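These are the residues of each chain, in order.
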Amino acid sequence: MPWEDLGGHLAGRASASFGARAAGSGFEPDPDWAWRAYRPSESCPWTLARAGHLYRRLGFGARWAELQESLRRGPQATLDRLLSEPKGLAEFNAQFDELSTSAGQADSPERIAAWWLRRMLETPFPFLEKMTLFWHHHFAASALRAKNPRLFAGYLSLLRQHALGGFDTLLAVLTEHPVVLLSAGAEANRRAQPNLAWGRTFLEQFCLGPAVAQSEEIGEVARAWTGWFVLNFRVRFIPGEHDPGPKKLFGREGPFAARDVLELVVSQAATHRYIVGKLYRWFIADDPPSQSLLEPLVNQFGKDRDIGRLVSTMVRSNLFFSDLSYRRKVKSPVDMVLGLIRGMESLVPTTVLAQDLAELGQDLSHPPTVAGWAQGMAWLHPASQLQRLEWASAFFAEQGRYQRIDPWEVARRNGAEDGPGACRWFVSLVLQDDLSDESRGMLKAEMERMPMGTAEDRSSALRQFAVRLTCLPEFHLA
């Protein structure tokens, strides 16, 4: 598949190997079918490719043993395990929270990013970290703008703590956190000068979505937040700076303060649609969904605002395992690099990794705008394609900053007996053996040229093969 065709591929993929139900770019699935729980069938079987899809979306890729166990256990048991809090999580969190305190005291945003990457790689609950990353993308707080790494580590901890709970609680907690207010330029909310930038960020980025709020509503939210300040990195309310006058919001009128606005905005249908839509694009596909498709989820989320239940419905669904979801997302830099690292069953120096991710466009300590990171095809352009190739070359280099990752040793440990066998194993691990005819033809020739000599020869050749594999467009689709 040529790189220039990747956008069209995302817009209308209908792989014969995954059935014809989603065939045609104009296909509109029935919502009742879409959100019904997936059960393997003759037309939609449980396969290695679907297991890999599940691990990419709910975490950061899989090790070979995890894929094999998933095939044996089936989708429901695998989903139950991936979505449930594992034993020992409290002890793991306590250990890493202590590390985060140390990283925060180092007064370095880079140390915080490195600590978080280590947590992503070692966590027994990758789904929770994937949700923490989603909410960080949503609230888009920045350690550089907040200028306090210790507080930033606390912000990430709060995201993790509430990532799967109620959206109303999450919103209330985060909008009182100094890192969020500082990042949004809302450290001062004076009665004489309501902070319109905060009103816009709160409504358009956190709640209703872009281009939904009226300018009058933005102004009223700004008035409701008057009196709130960040002083010496602590949030304080100064009563004399609050505007107690009547305000009109969403068809209601009253002397609304910040907490009143929170209650009003989380009850709005636009908020429910916005959050459901963002989670859809995070877990299902980069393509924007129709409102009719999302309506059942929007209605349910409006009733309970339960984030965990909403995501569970999404990822257990027929739609999630269909062609309308499979490889319909472009991998972010974090997804790309962590997927390879986990597949290689390795740990790497995460300080270096954090720096490389920033070069690739995803600095975990500093989202580029209040809207978070770009998504979809915005991740792929000529410069980023070259940067991704350079990173993969450095990752698989015999010597260098990633401490000599050895794909041949991992392949041998997982049953490969010779060079061609190691290549086949690597294709199954990284792409679950799901390739276009064009890509498969290119790789077949390289497999046949694999040396049969010493382990060093095989290792060197497999490194080159691994880098070649990361050049394929299929590799960059989640």
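Residues numbered from 1 in each chain as written. Predicted model: local features only at pLDDT ≥ 70, side-chain atom pairs only at ≥ 80, totals over all residues. Heavy atoms only, no water.

## What to know about the overall build of the protein
Then step 1. Looking only at helices and strands, the protein features 25 helices and four strands.
Then step 2. Scaling as 2.2 N^0.38, a compact globule of 478 residues should have a C-alpha radius of gyration of about 23 Å, and the protein matches this with 24 Å.
Then step 3. With the C-alpha coordinates of the protein rotated into their principal frame, the extents come out at 80 × 50 × 45 Å.
Then step 4. Here the protein holds 478 residues, and 56% of them are scored as buried.
Then step 5. A sequence separation of at least 24 residues applies to 73% of the contacts in the protein between residues at least 6 apart.
Then step 6. Summing over all exposed atoms, the protein offers an accessible surface of approximately 19400 Å²; the carbon and sulfur share of this is 50%.
Then step 7. Counting 54 positive and 55 negative side-chain charges, the protein places the averaged centre of each group 3 Å from the other. (Helix = DSSP H or I, 4+ residues; strand = E, 2+ residues; numbered from the N terminus. Rg over C-alpha atoms; globule rule 2.2 N^0.38 Å. Buried < 20%, exposed > 50% of the residue type's maximum accessible area, 1.4 Å probe, protein only. Contact = heavy atoms within 4.5 Å. Areas by Shrake-Rupley, 256 points an atom, 1.4 Å probe, with all protein chains shown as cover. Lys, Arg positive; Asp, Glu negative; His and termini not counted. Charge placed at Lys NZ, Arg CZ, Asp CG, Glu CD.)

## What about helix α7 (residues 109–122)?
Then step 1. In this model, α7 (14 residues) spans 20 Å end to end at C-alpha, consistent with the 20 Å of a helix rising 1.5 Å per residue.
Then step 2. The buried fraction of α7 amounts to 10 of the 14 residues, a majority that puts the element mostly inside the structure.
Then step 3. The complete set of buried residues in α7 reads P109, I112, A113, A114, W115, W116, L117, R119, M120 and L121. (Expected span 1.5 Å × (residues − 1).)

## So, the confidence of the model for the protein
Then step 1. On average, the protein scores 91 in pLDDT, and the residues at 70 or more come to 93%.
Then step 2. Between residues 7–25, whose pLDDT stays under 50, and residues either more than four places distant or in other chains, the model counts 40 contacts. (pLDDT = per-residue confidence, 0-100.)

## So, the packing of helix α19 (residues 333–343) against helix α21 (residues 382–395)
Then step 1. Running from amino to carboxyl end, α19 crosses α21 at an angle of 20 degrees, the nearest separation of the two axes being 12 Å. As summarised for this structure, α19 and α21 are arranged roughly parallel, according to the angle between their axes. In the crossing of α19 with α21, the sense of the turn from one axis to the other is right-handed. Mapping the contact onto sequence places P333, M336, V337, L340 and I341 in α19 and R388, W391 and F395 in α21.
Then step 2. Considering only residue class, the contact of α19 with α21 consists of seven nonpolar, no polar and one charged. (Axes fitted to C-alpha atoms, helices over the stretch in contact; angles between N-to-C directions. Parallel < 35°, antiparallel > 145°, perpendicular 65-115°, else oblique. Left-handed = near helix turned anticlockwise from the far one by under 90°. Nonpolar A, V, L, I, M, F, W, Y, C, P; charged D, E, K, R; others polar.)

## Let's talk about unusual backbone geometry
Then step 1. In this structure, R305 takes a positive phi of about 50 degrees despite not being glycine.
Then step 2. Looking at the element boundaries, R305 is found in the loop between α17 (291–304) and α18 (307–315).
Then step 3. Assessed through its relative accessible area of 18%, R305 is described here as buried.

## Examining the pattern of salt bridges
Then step 1. As enumerated under the stated definition, the model contains 25 salt bridges in all.
Then step 2. Between R401 and D356 there is a salt bridge, with the nearest N and O atoms lying 3.0 Å from each other. Of this pair, R401 sits in the loop between α21 and α22 (407–413) while D356 sits in helix α20 (residues 350–359), and the two are 45 residues apart along the sequence.
Then step 3. The partly exposed category is assigned to R401, whose relative accessible area is 41%.
Then step 4. Of the residues examined, D356 reaches a relative accessible area of 12% and is grouped as buried.
Then step 5. Residues participating in the shared-partner salt-bridge network are D97, R119, E129 and R160. (Salt bridge = Lys/Arg side-chain N within 4 Å of Asp/Glu carboxyl O.)

## Focus: the packing of helix α3 (residues 48–58) against helix α8 (residues 126–139)
Then step 1. With their axes 8 Å apart at the nearest point, α3 and α8 run at an angle of 50 degrees to one another. Judged by the angle between their axes, α3 and α8 are oblique. When α3 is examined against α8, the residues R56, R57 and L58 are found in contact with a partner set consisting of P126, F127 and K130.

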